[in-house]
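# Residue-level structure breakdown
Spelled out, the chains give:
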Amino acid sequence: MAGPVKEKPVKDYFTTSDGIRIHYMRLGSEGSHVVLIHGYTANQYGTWYANGIMDALAVNHRVVTLDCRNHGRSDKPEPGQPGIPSDVIELMDLLKIDKAHIHGFSMGGSITGQLLAAHPERFITASFGGSGIREADPEWIARVPPDNEKVDPEEVRASRLLRINASMDKGLSREEAEKEADRPREPLPPRPPLRIDLSKVKIPVMAINGELDHPYEKTFRLWRELKDFTNVILPGKSHLTSIAPATMPREYPDSLVRFINSNDI
């Protein structure tokens, strides 16, 4: 693979149809488009640029990322709430992107799944990081192979750093952000199972999950129902350690680049 792109991302804002200002970045000038969607409480810079994923993809593609609403430098009409799929579609429309390789991590994977259900025509490929589409049928849930339940001690440190960075995104000082990160917080309520008929999905799909991040629970349905599915499991990695700059293995960006290059148009 060629060396990393040296340019800095182009940064800009746009305003959604409901008046929310969204911060986005672009990198790369040739090839098909890749749209990257970050996880809950994270941001586009830390998830995609700081760890080199954006550079690796921009060698052969035009990469677009965004700070989902309620995150990063975008407006936060509902602080602490997730982003929404329609902001991704509006950004693609603004940039005149008819189809793209769409990849999301964690919350971004949930958004990717919702987009695949509602707007399959906008995809070249779909890929999930730290996520997937779980079984909805109780009989199949009972048949999912057991996952490795070992705990990764690095995950706790990575999670705390993510919360600190998210608080500093909101304008808190480092000291205030550290106090906020150590405060107990209520988890988001679980989302209902995604309504999607995977038998109708004709595009290639991939998932990348850490060995310690319940990869089978997240991907068994994808493997069972899709016609073209690639599953990557990162040995010894948990949720955040699979993508955090200090702990991400080369297999994450290499697998993503290889998958997109192999299924390009």
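Residues numbered from 1 in each chain as written. Predicted model: local features only at pLDDT ≥ 70, side-chain atom pairs only at ≥ 80, totals over all residues. Heavy atoms only, no water.

### So, the overall build of the protein
Short version of the rule: The secondary structure listing takes helices from DSSP runs of H or I that are at least 4 residues long and strands from runs of E that are at least 2 residues long, numbered from the N terminus. Our radius of gyration looks at C-alpha atoms and nothing else; its globule reference is 2.2 Å times the residue count to the power 0.38. Accessible area is worked out with a 1.4 Å probe on protein chains only. A residue is then buried under 20% of its type maximum, exposed over 50%, and partly exposed in between. The criterion used for residue contact is that any of the two residues' heavy atoms lie within 4.5 Å.
The helix and strand tally for the protein stands at 9 helices and 8 strands. Whereas a compact globule of 265 residues would reach a radius of gyration of roughly 18 Å, the protein reaches 18 Å, a difference of no more than 12%. Along the first, second and third principal axes, the C-alpha atoms of the protein reach 50 × 40 × 40 Å. Taking all 265 residues of the protein together, the buried fraction comes to 49%. Sequence-distant contacts in the protein: of pairs separated by 6 or more residues, those separated by 24 or more amount to 70%.

### Overview of the pattern of salt bridges
Formally: Should a side-chain nitrogen of Lys or Arg be within 4 Å of a carboxyl oxygen of Asp or Glu, the pair is scored as a salt bridge.
Taken as a whole, this structure holds 14 salt bridges when the rule is applied. Across the pair Glu 217 and Arg 134 runs a salt bridge, and its minimum N-O distance is 2.2 Å. Pair noted here: Glu 217 is in helix α8 (residues 215-225) and Arg 134 is in the loop between β6 (123-129) and α5 (138-141), with a separation of 83 residues, a long-range link. Accessibility expressed as a relative area gives 34% for Glu 217, which makes it partly exposed.

### Observations concerning the sheet that holds strand β4 (residues 62-66)
One key point about sheets: their strands pair by backbone hydrogen bonds, in either a parallel or an antiparallel sense. As a reminder, the rule being used: Should DSSP find at least two bridges between two strands, the strands are regarded as paired. The convention used is that axes are lines fitted to C-alpha atoms, helices contributing only their stretch in contact, and that angles between N-to-C directions extend from 0 to 180 degrees.
Read from one edge of the open sheet, 8 strands run β1-β2-β4-β3-β5-β6-β7-β8, paired in mixed fashion. Of all the strands in the sheet, the pair left with one neighbour each is β1 (10-15) and β8 (229-234). Each adjacent strand pair in this sheet contributes to an overall mean axis angle of 20 degrees, direction not counted. The pairing of strand β3 (residues 33-37) with β4 spans 5 bridges and is classified as parallel. By the bridge assignment for β4, Ile 37 is matched with Leu 66.

### A look at the nonpolar core
Note the following rule: Take the buried residues of types Ala, Val, Leu, Ile, Met, Phe, Trp, Tyr and Cys, join any two whose side-chain atoms come within 4.5 Å, and each joined set is a nonpolar core.
Val 35, Ile 37, Val 88, Val 201, Val 205 and Leu 222 are the most contacted members of the largest nonpolar core, which has 33 residues in total. Elements represented by at least two residues in this core include exactly β2 (21-27), β3, β4, α3 (85-94), β5 (100-105), α4 (107-118), β6 and β7 (205-210). If we ignore the near neighbours within four places in the chain, the residues touching Leu 222 are Phe 128, Gly 132, Ile 133, Leu 198, Ala 207 and Phe 229.

### Things to note about the environment of His 103
Selection criterion: Pairing of N or O atoms within 3.5 Å defines a polar contact, subject to two protein rules: one partner must be a possible hydrogen donor and the other a possible acceptor, and residues neighboring in sequence count only if both atoms are side-chain atoms.
Relative to the helices and strands, His 103 is located in strand β5. The spatial distance from the C-alpha of His 103 to the C-alpha of Leu 256 is 8.8 Å, given a sequence separation of 153 residues. Apart from the residues within four sequence positions on either side, His 103 is in contact with Val 35, Leu 36, Ile 37, Trp 48, Thr 112, Ser 127, Phe 128, Gly 129, Tyr 252 and Leu 256. Here the side chain of His 103 touches Tyr 252 through a polar contact of 2.9 Å, side chain to side chain.

### Some points on the packing of aromatic side chains
Any pair of aromatic rings gets described here by the distance separating the centres and the angle formed by the planes. The criterion, for reference: Two rings from Phe, Tyr or Trp (for Trp, the six-membered ring) form a pair when their centres sit within 6.5 Å of each other. Planes less than 30 degrees apart are called stacked, planes more than 60 degrees apart edge-to-face, and all others tilted. Note on geometry: a ring has a charge over it if NZ (lysine) or CZ (arginine) is within 6 Å of the ring centre and within 35 degrees of the ring normal.
Enumeration according to the criterion identifies 4 aromatic pairs in this entry. Ring centres 5.2 Å apart and planes at 50 degrees place the aromatic pair Tyr 45 and Tyr 49 in the tilted group. Residue Tyr 45 and its partner Tyr 49 are both found in helix α1 (residues 44-49); the two are separated by 4 residues, about one turn of the helix. By relative accessible area, Tyr 49 is classed as buried at 11%. The interplanar angle of 35 degrees and the centroid separation of 5.3 Å between the aromatic rings of Phe 220 and Trp 223 together place this pair among those described as tilted. With Phe 220 and Trp 223 both in helix α8 and 3 residues apart, this pair spans about one turn of that helix. Look at Phe 220 and you get buried, because its relative accessible area is 12%. Aromatic rings pair up to connect Trp 140, Phe 220 and Trp 223 into one cluster. The residue whose ring lies beneath Arg 143 is Trp 140, and the NZ or CZ to ring-centre distance is 4.1 Å. A cation over an aromatic ring shows up here: Arg 224 above the ring of Trp 140, its NZ or CZ 3.8 Å from the ring centre.

### A look at unusual backbone geometry
Phi at Asn 70 is positive, roughly 75 degrees, even though this residue is not glycine. Inspection of the secondary structure assignment puts Asn 70 in the loop between β4 and α3.

### Here's the deal with the packing of α3 against α4
The line we're drawing: Orientation categories follow fixed angle ranges, with anything under 35 degrees roughly parallel, anything over 145 roughly antiparallel, 65 to 115 roughly perpendicular, and all other angles oblique. Left-handed is the label given to a crossing in which the near helix is rotated counterclockwise from the far helix by less than a right angle, and right-handed is the label when the rotation is clockwise. The residue classification treats Ala, Val, Leu, Ile, Met, Phe, Trp, Tyr, Cys and Pro as nonpolar and Asp, Glu, Lys and Arg as charged. All others, Gly included, are polar.
Two elements in contact, α3 and α4, have axes separated by 9 Å at closest approach and are oriented at 70 degrees. Between α3 and α4, the crossing angle belongs to the class labelled roughly perpendicular. Crossing hand, α3 versus α4: right-handed. For the pair formed by α3 and α4, the contact residues are Pro 85, Val 88 and Ile 89 on the first element and Ile 111, Gln 114 and Leu 115 on the second. Along the lines of polarity and charge, the residues of the contact of α3 with α4 split into 5 nonpolar, 1 polar and no charged.

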